[in-house]
Each structure stands twice: as C-alpha cells, then as structure tokens.
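Reading the structure
Here is how the chains run, residue by residue.
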Amino acid sequence: MKNSNNCVGSYSVRGYTRSDGTSVSGYTRTCGAAHNSQNEESLLQDRANLLYPNTQTKHDDVPTGGAAKVDYNNQTIAGVERGEPMSFEDAGKGVNPNYNHQIRNDYTTNCQSSVAVFEARLRGYDIETKISESFEESEIKEKLKENPNIAYIDPKTGKIPYFTTLKVKNDEECEQWLNNNIKQGERYAFSFKSIYNNDAGSGHILEVMKDDKDNLKFYDPQINKTYEREVVKIIKFKFGLNEINYFPHILRVDNKELNIKVLNQISKPTIKNK
C-alpha cells in the first residue's frame, strides 16, 4: 500500500537462492525513493549486503577439523600441474607480483583473488593473480568480490561454504573473538571494511592465523605483508548516518578444497611456467 508520497514504505522480503547457489536470507526492504528520510541509510546497507551478504550468518559456527584430504594429482590450475607444497614465504612472494602501491589498477583491487591464489600456491600450484579480460572472467571476478567464499568448497558437503559473521561491536570484541576461536595451524580468510575507506560497497580481505606463540597474525597476500594484532584497530564496525552495523566476516580456508573452476579464471601461470 502506497502512502501520500507514492511510497510503498518498508516490507519484508523472504529468503531466496541466487542462480549461483548462494542463499539469501530474508530482509526488510524500503522503496529507496529520495523522499524517504532513511534512503541513504538503506542504500548503504544494501551495498554492504551485496559485498558480504547477511545470509552468511546462517552458519555462525566456525568449521573445525583437520586439513582437507583432497587428491589434486590429476588436477591443474590455469594449466599448471601441482608441484611440491610451497613454504609460506615462497607462496607469498609470487601471489601478486604486478602490485604497485603507486599505481591504481586491477592489481591493487584484487584482494579476493590474492587470498585464494595464496592458498593454491601453498598447496603446490605455481600461479599468480591476473587481470580478467574476457566477459566470463570478468563475471567470475565480480562474483568473487561479492562472495569471496566461492573460491572454496567444503569437503564435507561438496558445496560452497559460508562465511561466519562476527557480531562484534568494536575492535576489542573482535580481537577477543579471534583469539578465542582461532587455533594454531589454522588459516582464515578475514573480510572487513576499513576506517580509511568511505565507500560502503567496498572492503578488504586478508588472512588471519596464530603464530607459534599463540599470537594473532594478519597476512595480506595482495601486498605480501604481515601485520600484528593492531590490524583490528583499522576495522570499521559502523557506517552511515544512523551508524548501521557493519560486521567483519571470517572463513576457515586451510581445511577447504579449492574451487578449481574459479581459480582457473582468476589466476595465470607464473612467468617461468609460461
């Protein structure tokens, strides 16, 4: 029913499944018209949901268990056969060699690809991230920006896993959650919005783990840099005129299979493998 401003007001939308298999939970929708006093707030929330859909809250338990036992012997990524597993240092050096912090291009906006390619390199694939050129590749790249979890497959279910939404209010609560839930030997993809970025539709993703002294370590494969626990200080937990919550998201990746179809399209052989 429309009001005097020809506005349908707010109404509930039931959950549904996207064409790529991603489940979307129910949410409240507004008309989005300019006369709506909460229009900007609604638009910001919509954009945040596009990047990190709230559907990912349906699996709020962090998967645990040993590394996935996957037979990659007969599989290639970007035409590259699997070799010996790489050390952390060697894997990180070759993820995104075209990155240049002084030049703004696709190699400075490929953090989602970099995290997935880093995992592939650790497992023995000598590949690197690339700029998507064809329509199909660009489509995959856009899907990866919206749903970084499509780069992985849960070996227990054979399906794409969900990110866990950290319903924390500030950096202290976030750090406490990470300390309480991450164990040594585990690696997690960790996505969040930075306080330095005012665009509600964008964010950053890196990996978080614990070192041999049980301290949190944050590793950014995109730029091959490791950070200490202070990273949580740059996370933005609210945005918009009415301080809408913007929760970080996390997914354990060391025990997941790689989605070869996605990796094929976001990576290329390193120069020595061409």
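As a reminder, the structure under discussion sits directly above these lines.
In this text the structure is predicted, and so the values were computed from the model without any measurement.

Another point: the pattern of salt bridges. All told, the structure shown has 13 salt bridges when counted by the stated rule. Across the pair D171 and K233 runs a salt bridge whose closest N-O atoms are separated by 3.1 Å. With a gap of 62 residues between them, D171 in helix α5 (residues 171–181) and K233 in the loop between β13 (225–227) and β14 (238–239) connect regions that are remote in the sequence. With a closest N to O distance of 3.6 Å, K210 and D214 form a salt bridge.

Summarising burial for strand β10 (residues 188–192): five of the five residues are buried, a large majority. A two-sided burial pattern is seen for β10, the buried positions comprising Y188, F190 and F192 on one face and A189 and S191 on the other. Two elements, β10 and strand β11 (residues 204–210), share five bridges in a ladder whose sense is antiparallel. Bridging across to β11, F190 finds its partner in L206. Here β10 pairs with strand β16 (residues 249–252) via four bridges, running antiparallel. Bridging across to β16, Y188 finds its partner in R252.

Attention now moves to the packing of aromatic side chains. If you walk through the whole model with that rule in mind, you get five aromatic pairs. Judged by centre distance (5.1 Å) and plane angle (70°), the ring pair of F88 and F118 falls under edge-to-face. On the criterion of sequence distance, the pair formed by F88 in helix α2 (residues 88–93) and F118 in helix α3 (residues 111–122) is long-range, its members being 30 residues apart. Exposure remark for F88: the relative accessible area of 34% places this residue in the partly exposed category. The class for F118 is buried, based on a relative accessible area of 0%. Of the aromatic side chains, those joined through ring pairs into one cluster are F88, F118 and Y219.

Parameters and conventions
Residues numbered from 1 in each chain as written. Predicted model: local features only at pLDDT ≥ 70, side-chain atom pairs only at ≥ 80, totals over all residues. Heavy atoms only, no water. Salt bridge = Lys/Arg side-chain N within 4 Å of Asp/Glu carboxyl O. Helix = DSSP H or I, 4+ residues; strand = E, 2+ residues; numbered from the N terminus. Buried < 20%, exposed > 50% of the residue type's maximum accessible area, 1.4 Å probe, protein only. Pairing = 2+ DSSP bridges. Phe/Tyr/Trp six-rings, centres within 6.5 Å; stacked < 30°, edge-to-face > 60°.

So yeah, pure geometry; function would need other evidence.
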